[in-house]
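# Observations on the three-dimensional arrangement
Single-letter residue listing:
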Amino acid sequence: MPFIEAPTTFYMGRRYDPRQKRLTDDVVYYDSRDLTTHAVVVGMTGSGKTGLCITLLEEAILDNIPAIIIDPKGDITNLLLSFPELQPQDFQPWVNIDDARRAGMDVPSYSADIAQQWRDGLASWSIVPDRIKWMKLSAQYSIYTPGSDAGLPISIVASLRAPREGWAGNEEAIREKINGITTALLALAGINAEPVKDKEHVLISNIFENSWRQGVDLTLEQIILQVQNPPFDKLGVFPIDEYMKEKDRFKLAMELNSIIASPSFQSWMNGQPIDIQSLLYQPNGRPRVSIFYIAHLNEQERMFITTLLLENMLGWMRTLSGTTSLRALLYIDEMFGYFPPYPKNPPTKDPILRLLKQARAFGLGLILATQNPGDLDYKGLTNAGTWFIGRLQSDNDRQKIMAGLQSMASADDGFNLKDVEELIADIAPRVFLMRNVHEDGGPILVHTRWAMSFLRGPLTRQQVELLMRPQRMELMQKIAQQYGQQNGGYGQQGYGTQPGQGYAQHAPPANLPGSTPPYGMPSTPNSLPGMPAGGQNFGAQSAPQFPLPPTGQNFTPQSTQPKPASNLPQGFNQHRQAVSNSVDQYFLPIRTSSQQAVSNWEQHTQMVVQGSSGSILVYKPVLLAQAVVRYQDRKASVYTARSYNYRVPELRQAGLIHWEEYEAEPINTREISIEPDGSAAFADLSPGLTDAKRMSSLKTEITDMLYNTARMVMPFNPDLKIYGNPDGEFSEYQAQVQQLAREQRDAEMDKISAQYASKMEKLEDGLRRKEQELRAESDEIKDRQREELFTTGEALLSLWKGRTNYTLSRMSRASRYKKQTKADIQESHEYIDRVQQDMQSLEQEFEGVLNQVNEKWVKIASNTQEYVISPYKKDIQLEMFGIGWIPYWYSVINGQASLIAAY
């Protein structure tokens, strides 16, 4: 049984002898670190290209390496079709009915035949069912279907957000990203525009740069509006209207508007954002395999989503530290149109070229596969260190391949192009010429092993929906749970005093966790624990209909001035209740206009407003406390601060307050005012808020509470001395730990491999010498046999001549030499057997040592402990403490009174 489980080493198959046209016993391994210089796979339909690529991905998954896969046809979705039990019923839902019909079988019989093929095929390559089970457990597999609800939806909105790393110091990289996104966006609208040359491209690029310089996110709606009315007066030295006339800008805006006006495009708005970290890693830090199935998209849409993925991959990559080990994979299947030769320049070409040049330093490996060599710009692929060349369609294709390999031949004198051309002239299916610049000895022919995944061909959208249904249901359950916790409903009766009434009973929108809701919807509901239901809707990040006020100023929507406080509900007055001067009062800003509040009410309740009275601005009081706690720790290199905000409604004059039940999102103190916003009504104060002594006591209490409870807990690995980022995700910390453990594991394995290679070389040298001796002894015994035959004939003749003594003596000597040579041969055979046994034992010992090293580093990587940083009292600063007034719109909608949050 071959040694196939060496960590960091991919089991690719066995060497192929082109002269005898058969497999040899030599196993072909591939060092995972060689993929950091990328790989190119070329082969026509039927060459086994998909099987080779899936084999590469399977081996990477077994080594806990995450991957993002762009799958234009749907072939690579077969990675999800792996069945450890290898039972016919496992295969039956996925077999191709037409294949069964052509084979003259019904589906159950054909499934049983396929299952037997997979059992026999895997066994012939020494692959046990447990290996398939390990692969299934090593990663989470997800299929994303942009623009479709078949798989997991994806949102493009986050890709238009300003880079979180900031503009300063990253100008060149961000401008490259802007160029790519702008080109893709215009192509989606059917506009073929090039950077610098075309006015449309220049205008939109400047819109991006203007916003991103200030750290301001963009939406497609904002881009369209700013195309009509740019936020700058000039482009270059010319006024904006001279550079691009208003009617031309209006035409461009209309073409862009057609994109988001299309009902089908709404599927692009909802779903998981294109966040590379979350696409590569689960929340617990374990790897993910994220497959982007784009077979259903048209050419412009494919270019658009692929460009966004590539640009986000570049942005994520630049946040990483350098490494020599493989960190993650980006696989692009069927490269047609994405990286064509000059002069074609689609929006995907530039980011692919940048990845090929820069990704190596960050441990990101690219695998690019294509059927037709003419699909690739070979001048741009000089950075690819490994080439897999399979069966090609024509002599012209072979000539293009040879032209692409020419650059590699110049760097290696041992690379004989003529020999390579002969090897690929008539190559068998599933056999590939593998050229790896990291390996000595030139290119070899490798016959790929049997894939562990069932290679049934492209999946349909219905099959993708079936595969992703459990993940989708799980995500939707999480959404519903989060939605129910964050939103208690409007509570139309009793002015929202009964949590759970209203829109909470309606189905939540189909947005995945972390996604951006549809335009006009709040992106983060404002959590007001303990408040009536109306106070928990439409948080601070709702898109405002009016610009926010400058620092320290009040804000009143100009389109809706509050009406005089008349006909107020019970418990509200036109004037605030008097309190002690020692109690501070704070007014939260109005973020939602009355019209927008009513519109949001319609969207959330799925009810049409038949009629509503004019809205009145009212304020409801809470005990508002906000503190900043500073954390410092040299060992963990932490120097940061956290804000803690608490809002307690209905404060009593006595009794304990469970502060943790009233924690809320911190407020930007610059947006707080000390006066109400225009004419408004005010709810009555609870008894505790009017008690100055009670308020003073609670002010001291909250500081003491934070001193005892506001501890910063972060993950820590004592073996690797890695501390988590207190403001980062756990998956980022775990990915960092696993990568460092992988690097140190690889380094230790390199040392061990060198030691065992030296021992194996000594045994091989001894074996070679003894085999040479054996050949010499074999030749010698042949000579002795001829001599004995000659001597016997001579002896018979000599007997007639009377020379008996001489002849018998000579015969005896020849026989003795023959026996001695036979004894030497026997000794040589025994020595060779011993050496071969020693080599086998050494190989088994080597395998065991490598597994021990791998297990050791797996254990180290999983040794996560909690590291706690406690603040000093001097590091706790109380920013706000007093009465907080939260704004609402009071309105009668469809005959029922409602309070709708304005903050």
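Before reading further, recall that the structure is shown in the block above.
### With respect to the overall build of the protein chain
For the protein chain, the count of helices and strands is 20 helices and 26 strands. Counting across all 903 residues of the protein chain, residues that qualify as buried make up 52%. Once local pairs closer than 6 in sequence are excluded, the contacts in the protein chain between residues at least 24 apart make up 75%. Total accessible area on the protein chain is roughly 42300 Å²; 48% of this is exposed by carbon and sulfur atoms.

### A word on empty space enclosed by the protein
According to the stated counting rule, one finds three cavities of 30 Å³ or more in the structure shown. Around the second largest cavity sit Asn64, Pro66, Tyr281, Arg327, Ala735, Gln738, Gln739 and Arg742, which together line it. A breakdown of the residues in the lining of the second largest cavity according to their chemical character gives three nonpolar, three polar and two charged.

### A short note on unusual backbone geometry
The omega angle of the peptide bond from Tyr342 to Pro343 is 15 degrees, so this bond is cis rather than trans. Here Pro343 is to be found in the loop between β11 (328-332) and α13 (349-358). Unlike most non-glycine residues, Lys721 shows phi in positive territory, near 55 degrees. Locating Lys721 in the fold gives a position in the loop between β22 (712-717) and β23 (722-723).

### Comments concerning the sheet that holds β23
Strands pair in a sheet through their backbones, by hydrogen bonds, and they do so in one of two ways: parallel or antiparallel. Spatial ordering of the open sheet is given by β23-β22-β24, a layout of three strands whose pairing is antiparallel. The open sheet is flanked by β23 and β24 (865-869), the only strands paired with a single partner. In this sheet, β24 lies alongside β22 in antiparallel orientation, the contact comprising five bridges. Residue pairing for β24: Pro715 is matched across the bridge by Glu866.

### Digging into the sheet that holds β11
Ordered in space as β2-β1-β15-β14-β13-β3-β12-β11-β4-β10-β5, the 11 strands form an open sheet in which the pairing is mixed. Every interior strand has two partners, whereas the edge strands, β2 (22-31) and β5 (140-144), have only one. Strand-to-strand twist of the sheet, defined as the mean angle between neighbouring strand axes without regard to direction, takes the value 25 degrees. Summarising the sheet, β5 and strand β10 (residues 288-293) pair through five bridges and their orientation is parallel. Within β10, the residue paired with Ile143 across the bridge is Ile291.

### Considering the pattern of salt bridges
What the rule picks out here adds up to 31 salt bridges. For Glu671, the salt bridge identified is with Arg591, shortest N-O distance 2.1 Å. Linking Glu671 in the loop between β20 (663-664) and β21 (681-683) with Arg591 in the loop between β17 (584-587) and α17 (594-605), this pair joins segments that are 80 residues apart in sequence. The class for Arg591 is buried, based on a relative accessible area of 11%.

### Considerations on the pairing of strand β1 (residues 9-17)
Among the nine residues that make up β1, seven are buried, leaving the element largely enclosed by the rest of the structure. By the bridge criterion, seven bridges tie β1 to β2 in an arrangement that is antiparallel. Residue Phe10 lies in a different strand from β2, and its bridge partner there is Tyr30. The antiparallel pairing of β1 with β2 creates a hairpin that spans four residues between the two strands, and Lys21 there sits at a positive phi of about 55 degrees. Note that β1 and strand β15 (residues 444-448) share three bridges and pair antiparallel. The residue of β15 that forms the bridge with Gly13 is Thr448.

### Some thoughts on helix α8 (residues 220-228)
Those residues of α8 not exposed but buried are Leu220, Ile223, Ile224, Gln226 and Val227. For α8, the buried positions fall inside an angular range of 170 degrees around the axis, keeping them on one side. In this fold, the buried residues of α8 make contact with α6 (171-188), α7 (199-213) and α10 (246-261).

### So, helix α18 (residues 692-709)
Under the 1.5 Å per step criterion, the end-to-end length of α18 is 26 Å for 18 residues, consistent within 8% with the ideal 26 Å. Residues of α18 that are buried include every one of Arg694, Met695, Leu698, Ile702, Thr703, Met705 and Leu706, and no others. Tucked inside the fold, the buried residues of α18 contact β18 (616-633), β19 (638-648) and β25 (876-893).

### Details of the packing of aromatic side chains
Scanning the entire structure with this criterion turns up 21 aromatic pairs. For the ring pair Phe587 and Tyr619, a centre distance of 5.1 Å and an interplane angle of 90 degrees mean the geometry is edge-to-face. A residue pair is termed long-range when its members are at least 10 positions apart, and Phe587 in strand β17 and Tyr619 in strand β18 qualify at 32 residues. Like Tyr619, Phe587 is buried. With 5.0 Å between their ring centres and 80 degrees between their planes, Tyr723 and Tyr867 make a pair best called edge-to-face. Here Tyr723, found in strand β23, pairs with Tyr867, found in strand β24; they are 144 residues apart in sequence, far enough to count as distant. Accessibility expressed as a relative area gives 18% for Tyr723, which makes it buried.

### Observations regarding the packing of helix α1 (residues 49-62) against helix α5 (residues 129-138)
At a minimum axis separation of 8 Å, α1 and α5 run at an interaxial angle of 75 degrees. One finds that α1 runs roughly perpendicular with respect to α5. Residues Glu58, Glu59, Ile61 and Leu62 of α1 form the contact with α5, whose own contacting residues are Arg131, Trp134, Met135 and Ser138. Across the contact of α1 with α5, the residue classes break down as four nonpolar, one polar and three charged.

### Topic: the environment of Gln463
As for its placement among the helices and strands, Gln463 is situated in helix α16 (residues 461-486). Relative accessible area serves as the criterion here: at 13%, Gln463 is assigned to the buried category. In contact with Gln463, other than residues within four places in its own chain, are Pro93, Trp94, Arg456 and Pro458. Among the polar contacts made by the side chain of Gln463, one reaches the main-chain amide nitrogen of Thr460 at a distance of 3.0 Å.

Calculation criteria
- Residues numbered from 1 in each chain as written.
- Predicted model: local features only at pLDDT ≥ 70, side-chain atom pairs only at ≥ 80, totals over all residues.
- Heavy atoms only, no water.
- Helix = DSSP H or I, 4+ residues; strand = E, 2+ residues; numbered from the N terminus.
- Buried < 20%, exposed > 50% of the residue type's maximum accessible area, 1.4 Å probe, protein only.
- Contact = heavy atoms within 4.5 Å.
- Areas by Shrake-Rupley, 256 points an atom, 1.4 Å probe, with all protein chains shown as cover.
- 1 Å grid on protein atoms, 1.4 Å probe; cavity = no way out; pocket = protein on both sides within 12 Å on 5 of 7 lines; lining within 4 Å.
- Points joined across faces, edges and corners; volume = space filled by probe spheres on them.
- Nonpolar A, V, L, I, M, F, W, Y, C, P; charged D, E, K, R; others polar.
- Pairing = 2+ DSSP bridges.
- Axes fitted to C-alpha atoms, helices over the stretch in contact; angles between N-to-C directions.
- Salt bridge = Lys/Arg side-chain N within 4 Å of Asp/Glu carboxyl O.
- Arc of directions from axis to C-beta.
- Expected span 1.5 Å × (residues − 1).
- Phe/Tyr/Trp six-rings, centres within 6.5 Å; stacked < 30°, edge-to-face > 60°.
- Parallel < 35°, antiparallel > 145°, perpendicular 65-115°, else oblique.
- Polar contact = N/O pair within 3.5 Å; in protein donor to acceptor, adjacent residues only side chain to side chain.

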